[in-house]
Amino acid sequence: MRYLLLLFFLATYPAAAQKQPEPMPVIFDTDMGPDYDDVGAIAMLHSYADEGRVSILGTIASSKYPRVVPVLSVLNTYFGRPTIPIGVPKGWAVTDADSQHWSDTLVARYPHSMTTNDAAPDAVTLYRQLLTQQPNRSVTIITVGFLTNLANLLNSPPDRFSKLTGRQLVMQKVNRLVSMAGKFSAGHEYNVHRDTTASTIVYADWPTPMLLSGFEIGEAIKTGLPLVQNTAIRNSPVKDVFRICLPLSASDRNGRMSWDQTAVLVAVEGTAPYYSTRAGRLVMGPKGSNTWNDAGKGHSHLVVKRPPTDVEALINKRMQHQPGK
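Residues numbered from 1 in each chain as written. Predicted model: local features only at pLDDT ≥ 70, side-chain atom pairs only at ≥ 80, totals over all residues. Heavy atoms only, no water.

Caption draft 1: Inspection of helix α2 (residues 37–50) at higher detail. Given a rise of 1.5 Å per residue, 14 residues ought to cover 20 Å, and the 20 Å separating the end C-alpha atoms of α2 matches this to within 8%. Of all 14 residues making up α2, 13 are buried, and the element is well covered by its neighbours. Gly52 occupies a position one or two residues after α2 and carries a positive phi of about 80°. (Helix = DSSP H or I, 4+ residues; strand = E, 2+ residues; numbered from the N terminus. Expected span 1.5 Å × (residues − 1). Buried < 20%, exposed > 50% of the residue type's maximum accessible area, 1.4 Å probe, protein only.)

Have a look at this one:
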């Protein structure tokens, strides 16, 4: 009788009151500027955070043009998380800014607490601090820009946060790396070649599983028009970016190619049913190009399984997410 009562209790107990999975700890590493798909990607990440599916530990810039930290501060503030730590490289890094001047509009129009790059800590220092605070093998790093920070992290020495080297710290704390980078099975892609030195280090020595969303994946996915056309959304920095930029390029008339959003999507939701994966290893080629070695281990890249329009619909919906109350 007690057994039957227990079964009845479990079957009728409200789902909302049952124990929910712990949110996935995520560090988001972004070049937030040369292109604007990063803005769609961080909007998606905040939408998942509002659902309790991820915990955003930090938003870290891999470039350092003058407005990159204020832009990240604008977006985190808009989505109700103004205290998310922001890091920026203090040594050499790419300084490519947006050519369509959306970043200055965001900084002029929207509240943000960090007004200069100087207000943010060094990217690697922040990585080491955040990783040290997390359970072992728990953190997912999503990188949608250059690999500058990750190479510097691997090469970092022990510090006040941890007695481990950077590579040891990654091995202990990181579950996996999900990256928008490369072109498969071979090609030349911006995130890889723009800091070739860093890319060479990371692809040769990163010690955790790595999932790659290649150029060819996001190239086929066009998003942003439903966001711009949604009259219910007002005073949104995400909408403003796409509103400003989509008309400026004929290639964007049906929406912007959506590379970075795919990395966030598969990091949080997994690859199925939209993609399968191909195991192997990215191999660096001349002048920042890449090839793929099927006999290698440790890496995998996305392979299209469902029509890109299916993913477009999902990304477009996520990009229209409004801040949680």
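Caption draft 2: Region of the structure containing the side chain of Thr208. Along the chain, Thr208 falls in the loop between α9 (196–205) and β7 (210–213). Owing to a relative accessible area of 7%, Thr208 belongs among the buried residues under this scheme. Of the polar contacts made by the side chain of Thr208, one reaches the side chain of Trp206; its length is 2.7 Å. Contact partners of Thr208, with chain neighbours within four places excluded, come to Val170, Val174, Asn175, Arg176, Leu177 and Gly298. (Polar contact = N/O pair within 3.5 Å; in protein donor to acceptor, adjacent residues only side chain to side chain. Contact = heavy atoms within 4.5 Å.)

Caption draft 3: A look at the nonpolar core. Membership of the largest hydrophobic core comes to 63 residues, with the highest contact counts inside it found for Phe28, Met32, Val54, Trp102, Ile142 and Val264. Top contributing element to this core by residue count: α2, with eight residues. Those residues in contact with Val264, other than ones at most four positions away along the chain, are Phe28, Ala41, Met44, Leu45, Tyr48 and Ile142. Ranked by size, the runner-up nonpolar core spans 31 residues in total, among them Val170, Val174, Leu177 and Trp292. (Core = buried A, V, L, I, M, F, W, Y, C linked by side-chain atoms within 4.5 Å.)

Caption draft 4: Layout of the environment of Gly324. Secondary-structure assignment places Gly324 in the segment after α14 (308–319). Gly324 gets classed as partly exposed once you look at its relative accessible area, which sits at 42%. Along the sequence, Gly324 and Asp50 sit 274 residues apart, while their C-alpha atoms lie 6.0 Å from each other.

Caption draft 5: Spotlight on the pairing of strand β5 (residues 174–180). Of all the seven residues making up β5, five are buried; the element is thus mostly covered by neighbouring parts of the structure. Where strand β4 (residues 139–143) lies against β5, five bridges are found, and the strand directions are parallel. Looking at the pairing, Thr143 lines up with Ser179 of β5. Inspection of the sheet shows β5 paired to β7 by four bridges, in the parallel sense. In the sheet register, Met180 faces β7, and the bridge partner there is Ser213. (Pairing = 2+ DSSP bridges.)

Caption draft 6: Unusual backbone geometry, seen in detail. A cis geometry characterises the amide bond from Phe184 onward to Ser185, with omega recorded as 15°. Looking at the secondary structure, you find Ser185 in the loop between β5 and β6 (187–188). At the junction of Ala272 and Pro273, the peptide bond is cis and its omega measures out at 5° in the coordinates. Checked against the element boundaries, Pro273 lands in the loop between α13 (259–269) and β10 (275–284). Here the phi dihedral of Arg137 falls at roughly 50°; this positive angle occurs in a residue that is not glycine. On the secondary structure map, Arg137 appears in the loop between α5 (123–132) and β4. One non-glycine residue, Asn235, lies in the positive phi region at around 50°.

Caption draft 7: A look at the pattern of salt bridges. By the definition in use, this model includes 14 salt bridges. Among the ionic pairs, Arg109 bridges to Asp240, the shortest N-O distance being 2.8 Å. Of this pair, Arg109 sits in helix α4 (residues 102–109) while Asp240 sits in helix α12 (residues 237–245), and the two are 131 residues apart along the sequence. Here the residues in one salt-bridge network are Glu51, Arg53, Glu269 and Arg318, joined through shared partners. (Salt bridge = Lys/Arg side-chain N within 4 Å of Asp/Glu carboxyl O.)

Caption draft 8: Up close: the packing of α2 against α13. Closest axis-to-axis distance for the α2/α13 pair is 7 Å, and the angle between their directions is 20°. Taken together, the axes of α2 and α13 lie roughly parallel to each other. For the pair α2 and α13, the sense of crossing is right-handed. Between α2 and α13, the residues in contact are Asp37, Asp38, Gly40, Ala41, Met44, Leu45 and Tyr48 and Trp259, Asp260, Gln261, Val264, Leu265, Val268 and Glu269, respectively. Class assignment of the residues belonging to the contact of α2 with α13 gives a composition of eight nonpolar, two polar and four charged. (Axes fitted to C-alpha atoms, helices over the stretch in contact; angles between N-to-C directions. Parallel < 35°, antiparallel > 145°, perpendicular 65-115°, else oblique. Left-handed = near helix turned anticlockwise from the far one by under 90°. Nonpolar A, V, L, I, M, F, W, Y, C, P; charged D, E, K, R; others polar.)

Caption draft 9: Fine view of the pairing of β4. Burial within β4 is extensive, with five of its five residues counted as buried. Residues of β4 alternate between two faces, with Val139, Ile141 and Thr143 on one and Thr140 and Ile142 on the opposite face, all of them buried.

Caption draft 10: Inspection of the environment of Val304 at higher detail. Within the element layout of this structure, Val304 appears in strand β12 (residues 299–304). When the C-alpha positions of Val304 and Thr200 are compared, they lie 26 Å apart, and in sequence the two are 104 residues distant. Those residues in contact with Val304, other than ones at most four positions away along the chain, are Ile217, Tyr274 and Tyr275.

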